[in-house]
Amino acid sequence: MKKEDLLSDEFLKQFKTGEDLNGFLAQLQKRGLEAILNGELDAHLGYDKHEKSTTSNSRNGYSSKKVKTSFGESEIQVPRDREASFNPMIVPKRQNMVDGLENVIVSLYAKGMSVSDIEEQIREVYNFDISTSTISRITESVASDIIAWQNRPLDPVYLIVWMDGIVFKVRESSKVINKTIYLAVGLNRDGKKEVLGMWLGKNESASFWLGVLTDLKARGVEDILITATDNLNGFTQTIKNVFPESQTQICVVHQIRNSARYVVWKDKKEFSKDMKQIYNAPTKQAAKGALEDFANKWNHKYPYAVKSWEENWEELTVFFDFPIEIRKIIYTTNLIENLNGKIRKYTKNKLSFPTDDAVLKSVYLALREATKKWSMPIQNWGLILNQFLTIFEKRVQL
């Protein structure tokens, strides 16, 4: 039957229910698996089924094997060889699960489902039992992926790197304590966003970020043009110690939140309106004038809020040195905060994690889900790239 016939309305009309269609697809998959297995054995032996053997090894009939797939449980015929040296790739020896179902299990786990919930879901949807220990084994296999991903080589240059931390509760020595997952997201020379890595520490500090930045350098990063961070004490100097030419923009949104903490409710609307005049100013000079007006008005009542703007002024206003299009993507760490929000969504069912490895595994899988659509350059990339080339020509082309 031709592929076109399989997709024709006349052919599809024979399936009255979803169960009918799934039954047909299961049979189609069974035949496909058996065809692939026979092809694998041909390659293993070095000659096709109806050709004369050119080696001492040869075909030796079939054995039956029950496998679990996304269409349910199925019995397939696995070809054998006389020397028993054939180990198929699609359904390896001592395994009874096709990769497609393993991917379903990993995806469900990444979306925050517990092992017992996944067991129930598989039973309801695919009509067979799978033990919680098997599910745990499948999700544990992600550990090797994490090691490879965390140690992969990186590009020599990133135009922007956003850095932020996200806190989780993790069990340690019979206590549940807060630990921070440090995340770095880079904008590469193709205009695409890329999670550069994740690191686990007890609390967010400039000294821990020094280790993160050193790791990025060890993995091949030679230059970062602009970093976007929160206003963690000492962070800017830490970045300068590793990437001395990088320009550090403190997140303006973080600054607004921190300033507003000092303000009573009845003043917040007016206070926020006056702050907006600073960061919405057309130039750095105009922003400086707005800050002076802001200080004259509020310094007597909220001196700490004003002081925080004045003390961080140079790092808060780096974005004014760039064209509007670049300003929009560096003056805030919203990009990485949105990513953190998606991680929270996928991990919200876990009130605490039993081990460091457990939180790293969950966050890695959540990152994998959350960044699936990061395949295209950012908006206005052609224009933004030309702006970067104009400002940082030699460094971009490193």
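Residues numbered from 1 in each chain as written. Predicted model: local features only at pLDDT ≥ 70, side-chain atom pairs only at ≥ 80, totals over all residues. Heavy atoms only, no water.

A.B. asks: Is there a simple way to think about the environment of Lys268 in this case?
C.D. replies: Tracing the chain through its elements places Lys268 in helix H11 (residues 265–279). Not counting residues within four places of it along the chain, the set of residues in contact with Lys268 comprises Ala260 and Val263. (Helix = DSSP H or I, 4+ residues; strand = E, 2+ residues; numbered from the N terminus. Contact = heavy atoms within 4.5 Å.)

A.B. asks: Before we go on, may I ask you to explain the packing of aromatic side chains in this structure?
C.D. replies: Two aromatic rings, taken as a pair, are described by how far apart their centres are and by the angle between their planes. With the rule as written, the count across this model stands at 14 aromatic pairs. For the pair Phe271 and Trp298, a centre-to-centre distance of 5.3 Å together with 70° between the ring planes defines the contact as edge-to-face. Of the two residues, Phe271 is situated in helix H11 and Trp298 in helix H12 (residues 284–298); the sequence distance between them amounts to 27 residues. Classification of Trp298 as buried rests on a relative accessible area of 5%. (Phe/Tyr/Trp six-rings, centres within 6.5 Å; stacked < 30°, edge-to-face > 60°. Buried < 20%, exposed > 50% of the residue type's maximum accessible area, 1.4 Å probe, protein only.)

A.B. asks: Which parts of the structure should I look at to understand the sheet that holds strand E4 (residues 175–187)?
C.D. replies: Strand pairs in the sheet, formed through backbone hydrogen bonds, run parallel or antiparallel to each other. A sheet is described by the order of its strands in space; here five strands give the open sequence E5-E4-E3-E6-E7, paired in mixed fashion. Only two strands of the sheet have a single neighbouring strand rather than two, namely strand E5 (193–201) and strand E7 (247–250). Taken over all neighbouring pairs, the strand axes of this sheet differ in orientation by 25° on average, direction set aside. Examined bridge by bridge, strand E3 (residues 157–172) and E4 share 13 bridges and lie antiparallel to one another. Along E4, the bridge assignment pairs Val167 with Thr180. The strands that helix H8 (residues 206–218) touches are E3, E4 and E5; relative to E5, the one it contacts most, it runs at about 135°. (Pairing = 2+ DSSP bridges. Axes fitted to C-alpha atoms, helices over the stretch in contact; angles between N-to-C directions.)

A.B. asks: Would you take a moment to explain the pairing of E3 for this structure?
C.D. replies: Strand residues, when the strand is regular, have side chains that alternate between the two faces of the sheet. A large share of E3 lies buried, amounting to twelve of its 16 residues. Pairing analysis gives five bridges linking E3 to strand E6 (residues 223–229), with the strands arranged parallel. Bridge pairing in E6 links Ile160 to Ile226.

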